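Notes for the structure review
Now for the letters of each chain:
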Amino acid sequence: MQVESQPLTSLATKQASYQAKVSAYGTLNSALSSFQSAVSNLSKPSVFQSLTATSSDSTIISATAAASATAGTYNIAISQLAQSQSISSVGQASSSDAIGTGASTTVSFQLGTITGTATNGTYSGATFAQDTTQTTGTITIDSTNNSLQGIRDAINTAGVGVTASIVGDGSATPYHLVLNSSKTGVASSLKISSTGDATIANLLNYDPSGTQNFTEISNAQNANLKVNGINITSAANTVTSSLPGVTLNLTKVGSTTVSVTTNSGSVQNGVNSFVQAYNALNATITSLTAYNSSTQKGGLLLGDSTTQSVQNQIRNSLSASVNGLGGGLTTLSQIGVSFQKDGSLSLDSTKLSTALTNNFSDVGGLFASIGKTSDSLTSVAGSTSATKAGTYALNVTQLATQGSLTGDLALPATTTIDPSTTLSVTLNNLNASVAIPAGSYTPAQLATAVQTAINTTSAFSAIGSTVKASINNSGQLILQSTNYGSASNVAIADGTGTGAASLTGTQLTGTAGLDVAGTLNGSQVSGSGQTLTGVVGTNTEGLKILVAGGSVGDRGTVNYSIGYASKLTSLLNGFLGSSGTIASSTDGVNRSLKDLSKQTDDLNSRLIDIEARYRAQFTALDSIISSLNSTSTFLTQQLSALTGSSK
């Protein structure tokens, strides 16, 4: 049976070889995964588009920078911080006792600019101009809430741009209603008017140009600062307009500097990690495919076509040039990354640092898939794996517009909105019922009320659809969607209460917006809103260009590059995963192992039958020998007997 079992030894040797190969594929897969992690970080455009803003004195200013910021150092001096207006009512003996008769009273709030100076908290000869862009509204005070506490709570839940609190001063009439405008800036001063109960009106009415039943505690003011000697005024202490892409958070009066720098440190670390990860992968592949002439033994994957293909494809990808940058950088060697004789990569940190200092954006293009435009009012908004690298001429034949509705009714000095008034509003193809607060409105107040009502309707706010309402020189109401394109539209219809005609006359349906249109390298692209997208089957397939404004005609060029990290990410995705090259090769070896296992089982089954046959033959032979021995003994006895008889 030892002779018969010799094929099992051969099968076991093959199984051990295949199992070792499966293990080797696992080692290769792990090394590729580690390399992929290092590559994936450098494939993100955000890594190369981020900038860092640092203040020399963070107690005065803190700052953040977006990708659109420009590197530089800025001297900033703050002479005044923005603040909101705060006003206080006359004292009341109780915060919970009823005020007035409880008759229904409509209290209207407006925000605007006061021209004039207050003395001891009271204005004289001042004027008030409403800011129609800010949210305003009304509250209703009746027998259910006609106390200081009730008024405070009604204001705080109404969302009218005002916050209320009650402050006690310890006097005989200690309780004061204190109101603060929710926003800072000179245009956020308050004007309050009431219609209904006279006692409520005597408590709450506040007109800086007339009756003032509140005393001003602090006036509304803008922040004043200088950026590199240029005067800047901001309604808020968060300033976003002075330096494009930079947000300044003002904390106190004083002077400091803000430095905006590229995030070169993280890029250097990323490139260094990339080189180290590649060298680790290269060492792993070398170990798996090497041949030791001393021991005359080869690596587990020596001569393996899958491993050789993986190594060649990665090396070829790193050796190729990157096109589409539109600059001077096209190869890794230009930033200090180069191949050595042993197939590993080396990094010249000085050369990389110089490249990052002189050409930071193009270094990003060497690694990530990045697009840039020569026109400041256009930008690359996205791409797909089908987008080809290259330089494309952009021509815009039509700019995107917003849908709008312009009424043909010159609004009267006062428009009265009845209680329980609703309008059926269609905004960007979505229809919803919008409640308009009851009250009497000037044209500017009406525009603000309608804008606020539409923009706070949950059906619209949930998807970010908003309108901007204004009054033109003819006194007509204009409702303009803030979206762009053919899906941007505004229409109103009657609901309940006051009809839509009281707002826009006979014009109830507006004009839809237009989608941007143009070409890339003379090829037509599809337009949606402000975005142009390359069509299927062209080199620009999936490339998205945002056209934020400007004019029609030639708009410069669009450069799009597919960097090394982006290429490698796609390549490595093809090697790894459940359907990748490594998995397929592993599956093939596992199938061979399964086949060897079946052969082993079949052979063991046959050996059992062979052993049984041998044992049967041995038993039969043993039985014959036993019978022959018996016969021999019998014959011996008979012969002995015959011999004795003969004698």
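In case you missed it, the structure is sitting above this.
Anyway, here's the lowdown on the structure attached to this text. (Residues numbered from 1 in each chain as written. Predicted model: local features only at pLDDT ≥ 70, side-chain atom pairs only at ≥ 80, totals over all residues. Heavy atoms only, no water.)

**Digging into empty space enclosed by the protein**
Scanning the entire structure with this criterion turns up one cavity of 30 Å³ or more. Volume-wise, the largest cavity comes out at about 40 Å³. Those elements giving two or more residues to the lining of the largest cavity turn out to be α5 (264-289) and α6 (305-319). A per-element tally of the lining of the largest cavity places α5 first, with four residues. Across the lining of the largest cavity, the residue classes tally to four nonpolar, two polar and one charged. (1 Å grid on protein atoms, 1.4 Å probe; cavity = no way out; pocket = protein on both sides within 12 Å on 5 of 7 lines; lining within 4 Å. Points joined across faces, edges and corners; volume = space filled by probe spheres on them. Helix = DSSP H or I, 4+ residues; strand = E, 2+ residues; numbered from the N terminus. Nonpolar A, V, L, I, M, F, W, Y, C, P; charged D, E, K, R; others polar.)

**Some points on the sheet that holds strand β24 (residues 378-382)**
Sheet strands pair by backbone hydrogen bonding; their relative direction is either parallel or antiparallel. With antiparallel pairing, four strands are arranged side by side in an open sheet as β24-β38-β37-β36. Edge positions in the open sheet fall to β24 and β36 (526-528), since each of these has one partner strand only. Mean inter-strand twist for the sheet, computed between neighbouring axes without regard to direction, equals 30 degrees. Strand direction decides the pairing type here: β36 and strand β37 (residues 531-533), joined by three bridges, are antiparallel. Bridge assignment links Gly-527 to a residue of β37, and that residue is Leu-532. (Pairing = 2+ DSSP bridges. Axes fitted to C-alpha atoms, helices over the stretch in contact; angles between N-to-C directions.)

**With respect to the packing of aromatic side chains**
Evaluated as defined, the whole model comprises five aromatic pairs. Measuring from centroid to centroid gives 6.1 Å for Tyr-206 and Phe-214, while their planes differ by 85 degrees, and the two rings are edge-to-face. You can call Tyr-206 buried: its relative accessible area is 0%. Under the relative-accessibility criterion, Phe-214 is labelled buried at 1%. Ring pairs connect the aromatic residues Phe-35, Phe-274, Tyr-278, Phe-339 and Phe-367, which therefore count as one cluster. (Phe/Tyr/Trp six-rings, centres within 6.5 Å; stacked < 30°, edge-to-face > 60°. Buried < 20%, exposed > 50% of the residue type's maximum accessible area, 1.4 Å probe, protein only.)

**Side note on unusual backbone geometry**
Negative phi is the rule for most residues except glycine; trans is the rule for most peptide bonds. In this structure, Asn-429 takes a positive phi of about 70 degrees despite not being glycine. Following the sequence through the fold, Asn-429 ends up in the loop between β28 (421-427) and β29 (430-436). What makes Asn-429 exposed here is its relative accessible area of 57%.

Coordinates in, geometry out; function isn't part of it.
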